[in-house]
Amino acid sequence: MIILGIETTCDETGAAILQMKNGRITILSNVVASSAPLQAKYGGVIPEQAAREQIRSIIPVIDAAISNFKFQISNLNAIAVSQGPGLIGSLLVGVETAKTLSLIWKKPLIPVNHLIGHFYANWIERESSVKSQESSEKKSRLSTLATSHLPQFPCLGLLVSGGHTDLVLFTNHGKYKYLGGTRDDAAGECFDKCARLLGLPYPGGPEISKLAEKGKDIYKLPRPMINDGWDFSFSGLKTAVASTFKESKPTLKVECNLAASIEAAIVDVLVIKTIRAAQKYKVEQIIVAGGVAANEKLVRKLKVQSEKLKVKLHNPPPNLCTDNAAMIAAAAFFQKPIADPLKLQADPNLSLAS
Ligand code: KG4
Ligand code: ZN
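Asks: Residue-level account of the domain arrangement of the protein chain, with values.
Replies: Many authors give the size of an interface as the accessible area that is lost as the parts come together. Domain parsing of the protein chain yields domain 1 (2–124 + 319–343) and domain 2 (155–315). The C-alpha-based centres of domain 1 and domain 2 are spaced at 26 Å. With 19 residues of domain 1 at the interface, the matching set in domain 2 holds 22 residues. Both sides together, the interface formed by domain 1 and domain 2 hides about 1,600 Å², and carbon and sulfur atoms give 73% of it. Three residues, Phe-119, Asn-122 and Cys-321, lead the burial of domain 1 against domain 2; their summed loss comes to 37% of the area buried on that side. On the surface where domain 1 and domain 2 come into contact, there are 0 salt bridges. Applying the counting criterion to the domain 1 and domain 2 interface returns 5 residue pairs in polar contact (both at pLDDT 80 or more). When residues of the side of domain 1 that touches domain 2 are traced back to their parent elements, those giving at least two are helix 1 (36–40) and helix 4 (114–120). Looking at which element gives the most residues to the side of domain 1 that touches domain 2, the answer is helix 4, with 5 residues.

Asks: Would you mind going over the coordination of the zinc ion (ligand 2) in detail, with residue names and values included?
Replies: Bound to the zinc ion (ligand 2) on the protein side are His-114 (NE2), His-118 (NE2) and Asp-323 (OD), at distances that span 2.0 to 2.1 Å. Geometry at the zinc ion (ligand 2) is irregular, judged from its 4 donor atoms and the angles of 95 to 136° they form at the metal. Positions of the donor residues of the zinc ion (ligand 2), expressed as sequence spacing, correspond to H-x3-H-x204-D. In this pair, His-118 sits in helix 4 while Asp-323 sits in the loop between helix 12 (318–321) and helix 13 (326–332), placing the two residues 205 residues apart along the sequence. Considered together, His-118 and Asp-323 belong to a single accessibility category, that of buried residues.

Asks: Before we move on, could you go through the sheet that holds strand 1 (residues 2–7) and cite the residues and values that matter?
Replies: A sheet is described by the order of its strands in space; here 5 strands give the open sequence 3-2-1-4-5, paired in mixed fashion. Bordering the open sheet on either side are strand 3 (24–34) and strand 5 (109–113), each of which pairs with just one other strand. The mean angle between the axes of side-by-side strands here comes to 20°, regardless of whether they run parallel or antiparallel. Inspection of the sheet shows strand 1 paired to strand 2 (residues 12–21) by 6 bridges, in the antiparallel sense. Looking at the pairing, Leu-4 lines up with Ile-17 of strand 2. Running at roughly 30° to strand 2, helix 2 (residues 47–67) makes contact with strand 1, strand 2 and strand 3 of the sheet. Contacts between helix 3 (residues 88–105) and the sheet are confined to strand 1, strand 4 (78–84) and strand 5, with strand 4 contributing the most and set at about 155° to the helix.

The rules behind these values
- Residues numbered from 1 in each chain as written.
- Chains lettered and ligands numbered in written order.
- Predicted model: local features only at pLDDT ≥ 70, side-chain atom pairs only at ≥ 80, totals over all residues.
- Heavy atoms only, no water.
- Domains from an automatic or database assignment.
- Contact = heavy atoms within 4.5 Å.
- Buried area = accessible area lost by both parts, 1.4 Å probe.
- Salt bridge = Lys/Arg side-chain N within 4 Å of Asp/Glu carboxyl O.
- Polar contact = N/O pair within 3.5 Å; in protein donor to acceptor, adjacent residues only side chain to side chain.
- Helix = DSSP H or I, 4+ residues; strand = E, 2+ residues; numbered from the N terminus.
- Donors = N, O, S within 2.8 Å, 3.2 Å for Na, K, Ca; no water.
- Tetrahedral: all angles 85-135°; square planar, octahedral: opposite > 155°, others 65-115°.
- Buried < 20%, exposed > 50% of the residue type's maximum accessible area, 1.4 Å probe, protein only.
- Pairing = 2+ DSSP bridges.
- Axes fitted to C-alpha atoms, helices over the stretch in contact; angles between N-to-C directions.

Listed below in structure tokens is the structure:
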């Protein structure tokens with residue numbers, strides 16, 4: 001089965017072609033164009049500008065995804081698109097393009113919740129595992145072996161992106177219980193807003209991380225809601241950073257130490273709550289997803305703590321953590337097409353909480 005995925009929820013325009021064979025999902029082609037460098041000039045995403053860039057990029061990006069790979073439209077089984085959540089102007093570009101292609105190419109259309117899509121980056125085969133699986137498959141011919149390294153249910157999902165911080169308990173494909181999420185800023189948003197306070201460009205997460213390498217966690221910033229349920233709150237942390245920064249002399253050393261303290265505070269909250277949820281729900285697998293899952297410290301700490309519990313951690317490679325269409329196509333392999341593609345509506349408020 002071959003699916004073309006389309007992603008346009010925010011400032012990334014993505015198109016990808018993925019194949020599922022013997023339960024293994026591989027990328028045949030994956031193209032992402034980002035307007036982030038343009039947004040960086042303004043310190044964040046301006047929705048109208050992001051939508052305009054989506055219009056400019058969508059056809060060239062789909063075209064590139066198709067021509068990167070010797071691909072016949074007749075081999076395509078379905079089209080998948082991010083239905084939401086996201087910026088309405090950006091979303092409309094992807095959804096209307098997908099509807100049009102579905103109509104003219106006569107292909108089924110599969111709407112995907114962007115947040116669920118993020119988790120499915122964990123179901124995509126890595127280059128190296130594809131090669132080693134291929135050789136072991138030749139020897140054993142066991143297709144169960146080929147998928148044993150993929151996430152298994154039940155598993156705990158932690159989604160950490162620019163707009164979301166969610167803890168979800170998955171019992172099967174399409175079956176999950178929402179445990180909690182942020183009450184104000186998301187983890188990525190906190191990175192972005194703190195970066196802005198320090199005068200760093202957007203997106204702030206990688207910038208804070210880079211500075212943090214040269215600093216120490218000396219400021220002992222608050223770890224909001226660390227002991228309270230499964231919800232998160234990061235806006236107080238941002239306020240604490242603002243007042244600490246105001247009170248300090250703006251030297252490079254101060255900035256590096258503050259960056260290390262910000263990163264440590266966000267990572268601590270995410271790791272401690274995720275591990276506690278894994279213990280409470282007795283899961284043997286954790287899947288992390290979203291742009292902030294590209295953070296090396298977060299992944300390293302989660303790995304150490306989950307190994308102590310004998311829980312397996314799955315995390316996507318950095319290029320599949322941030323927005324991309326490969327994850328949308330991957331999720332679509334486990335979903336059904338919409339009965340009438342032309343009735344599909346972009347939904348900027350789609351969420352995981354029911
Ligand atoms: O998932 P994503 O690409 O877009 C949304 O769906 O929101 O996430 C973007 C977020 C931004 O807030 C960005 O600062 C953050 O992910 N991010 C990181 C890193 N790379 C991206 N945060 C911390 N460390 C990183 N290495
Ligand atoms: Zn996203």
